[in-house]
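# Descriptive structure summary
Listed below are the residues making up each chain.
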Amino acid sequence: MASSFSRMLSSKRRIGVLSFVGGSLTAGLLLQRHRVSGGAPVRRSYPASSEYPDLRKHNNCMASHLTPAIYAKLCDKATPNGYTLDLAIQTGVDNPGHPFIKTVGMVAGDEESYEVFGDLLDPVIKERHNGYDPRAMKHPTDLDASKIHSANFDPRYVLSSRVRTGRSIRGLSLPPACTRAERREVERVVVDALAGLKDDLDGKYYSLTQMTDQEQQQLIDDHFLFDKPVSPLLTCAGMARDWPDARGIWHNNEKTFLVWVNEEDHTRVISMEKGGNMKRVFERFCKGLKEVERLIQERGWEFMWNERLGYILTCPSNLGTGLRAGVHVKLPLLSKDPRLNKILDNLRLQKRGTGGVDTAAVGGIFDISNLDRLGLSEVHLVQTVVDGVNYLIECEKRLEKGQDIKVPPPLKQFK
């Protein structure tokens, strides 16, 4: 249960004001919050049965698990920050389905959402994460890059390599629910910490509201700049409010380590480079992520994390590691083989076009990445990508020689 001081901070207005005037002192106090009960009950003029959304034509994880009974149980509850079930599911109500993937259909407004709305979020998480049971299982974390092997891909096939994750600042609401003051506090805390990075991680922060035209064009040319969200999956969740206030991009001088601030999550941390040296990319990722966390903690803050869900992020699909390790890889022959999708499924990999989830592959070039996030460590997931991409490249080489390929057996999972 929450401490008496945490309950005193149940108002978003108080949190925002304290964060603004208190700095690290406030952070230290906020970190005392552990398991919490809900906030004040939501006042309603109509019964839950009258408010239940029409989900008959929906195909997302939320719609698969929200029943009238669960809705009636949760609809009058709110987190200490005032976030409600209706706010959490709005994006899934407004977006019945997606042509390529089954979306989650709900988001978290704060760390406490995963407790207060657990009766719905737990089964959603279990479906999205391949059977992982958030009430009975513990999530492992492993950022020891020395364990990765065979991770220098053939550059004739792999064009670029990238590893990214997200991190959230404990004590501040997530992007769907944060106030302007909270969002600005996230930016202040993160940018202050990033200023402490040294040597090959030394870099500069570019605020979306303050960058020059020249800086903006350079970020566009480097493919670093993120735009205002236009996807209804994001806008219906409240991600684009007050754009571009308190948003920005930080990157090191070599442009191989990036941090996005206040896009879909408090932070997105990215390590990337041209070519196929995934080993080096992951080494930089682990080094940079550990250093950012150390600098955040030195300033009295910490990342949202617990042993059941790992690192806490806005979308339940990114819980656990939040990690997506991917490569842009040329597979012109394999891309035409009808067995490709089955091969990817068995290797626990996913493909998309190089322009993102809604884009098609051009010239047989795919973005290949890990399918899982939760229940398996960072090292495990990156090695899964390494082994899988090596297998895909070997298949492509065999097809070049006119030889047959095989569908590998399914990888064993934790369930």
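Not measured: the values here are computed from a predicted model.

Before going further, it helps to spend a moment on the overall build of the protein chain. Scanning the protein chain for helices and strands turns up 15 helices and 10 strands. Once local pairs closer than 6 in sequence are excluded, the contacts in the protein chain between residues at least 24 apart make up 76%. On the protein chain, roughly 18500 Å² of surface is accessible, and the fraction owed to carbon and sulfur atoms is 52%.

We now examine helix α9 (residues 118–128). Restricting attention to buried positions, one finds in α9 the residues G118, L120, L121, D122, V124 and I125. Where α9 is buried, its residues meet α5 (61–65), α6 (68–74), α7 (85–94) and α8 (113–116). After α9 finishes, the residue N130 shows a positive phi value of roughly 60 degrees.

Right, let's talk about the nonpolar core for a bit. Counting 59 residues, the largest nonpolar core has M278, F282, I368 and L392 as its most contacted members. If we ignore the near neighbours within four places in the chain, the residues touching F282 are A145, I148, V163, L323, E378, V379 and V382. Counting residues in each nonpolar core, the second largest holds 36 residues, with A63, L120, Y132 and L234 among its members.

The next point concerns the packing of helix α10 (residues 180–194) against helix α13 (residues 278–298). Between α10 and α13, the shortest axis-to-axis distance is 9 Å and the interhelical angle comes to 115 degrees. Judged by the sense of rotation from one axis to the other, the crossing of α10 with α13 is right-handed. From α10, V189, V190, A193 and L194 reach across to α13, where they touch V292, L295 and I296. A per-class count over the contact of α10 with α13 returns seven nonpolar, no polar and no charged.

Here the focus is the pairing of strand β3 (residues 248–252). Here β3 lies mainly inside the structure; five of its five residues are buried. The alternating pattern of β3 places G248, W250 and N252 on one face and I249 and H251 on the opposite face, and all of these are buried. In terms of strand pairing, strand β2 (residues 203–207) meets β3 through five bridges, oriented antiparallel. Note that in β3 the partner of K204 across the bridge is H251. Examined bridge by bridge, β3 and strand β4 (residues 257–261) share four bridges and lie antiparallel to one another. Of the residues in β4, the one forming a bridge with G248 is V261. Two successive antiparallel strands, β3 and β4, enclose a turn made up of four residues, where K255 displays a positive phi of approximately 60 degrees.

Two measures describe an aromatic ring pair: the distance that separates the ring centres and the angle between the ring planes. Tallied over the entire structure, the rule returns five aromatic pairs. Relative to W243, the ring of F226 lies with its centre 5.8 Å away and its plane at 75 degrees, an arrangement referred to as edge-to-face. With F226 in the loop between α11 (213–221) and α12 (232–235) and W243 in the loop between α12 and β3, the pair connects residues that are 17 residues apart, well separated along the chain. Residue classification places W243 among the buried positions, given a relative accessible area of 17%.

Given a rise of 1.5 Å per residue, 21 residues ought to cover 30 Å, and the 30 Å separating the end C-alpha atoms of α13 matches this to within 8%. Against the buried residues of α13 lie β1 (158–167), α10, β4, β5 (267–274), β8 (324–330) and α15 (378–400). Taken from the residues just after α13, G300 is the one with a positive phi, measuring 90 degrees.

This brings us to the side chain of H251. The residue H251 is located in strand β3 in this model. For H251, the contacting residues outside a window of four places in its chain are G203, K204, Y206, L219, F224, F257 and L258.

Across the junction of W243 and P244, the peptide omega takes the value 5 degrees, indicating a cis bond. Mapped onto the elements of the fold, P244 is located in the loop between α12 and β3. For D242, which is not glycine, the phi dihedral falls at a positive 60 degrees. As for its position among the elements, D242 is in the loop between α12 and β3. Classification of D242 as partly exposed rests on a relative accessible area of 27%.

Taken as a whole, this structure holds 33 salt bridges when the rule is applied. One salt bridge in this structure joins K147 and D142, with 2.7 Å as the shortest N-O distance. On the basis of relative accessibility, which here comes to 17%, the residue D142 falls in the buried class. Linking D242 and R183 is a salt bridge whose minimum nitrogen-to-oxygen distance equals 3.1 Å. Taken together, the residues span a long stretch of sequence, with D242 in the loop between α12 and β3 and R183 in helix α10 at a distance of 59 residues. Ionic contacts of the salt-bridge type, sharing partners, join the residues D192, E291, R294, E298 and R299 into one network.

The rules behind the values
Residues numbered from 1 in each chain as written. Predicted model: local features only at pLDDT ≥ 70, side-chain atom pairs only at ≥ 80, totals over all residues. Heavy atoms only, no water. Helix = DSSP H or I, 4+ residues; strand = E, 2+ residues; numbered from the N terminus. Contact = heavy atoms within 4.5 Å. Areas by Shrake-Rupley, 256 points an atom, 1.4 Å probe, with all protein chains shown as cover. Buried < 20%, exposed > 50% of the residue type's maximum accessible area, 1.4 Å probe, protein only. Core = buried A, V, L, I, M, F, W, Y, C linked by side-chain atoms within 4.5 Å. Axes fitted to C-alpha atoms, helices over the stretch in contact; angles between N-to-C directions. Left-handed = near helix turned anticlockwise from the far one by under 90°. Nonpolar A, V, L, I, M, F, W, Y, C, P; charged D, E, K, R; others polar. Pairing = 2+ DSSP bridges. Phe/Tyr/Trp six-rings, centres within 6.5 Å; stacked < 30°, edge-to-face > 60°. Expected span 1.5 Å × (residues − 1). Salt bridge = Lys/Arg side-chain N within 4 Å of Asp/Glu carboxyl O.

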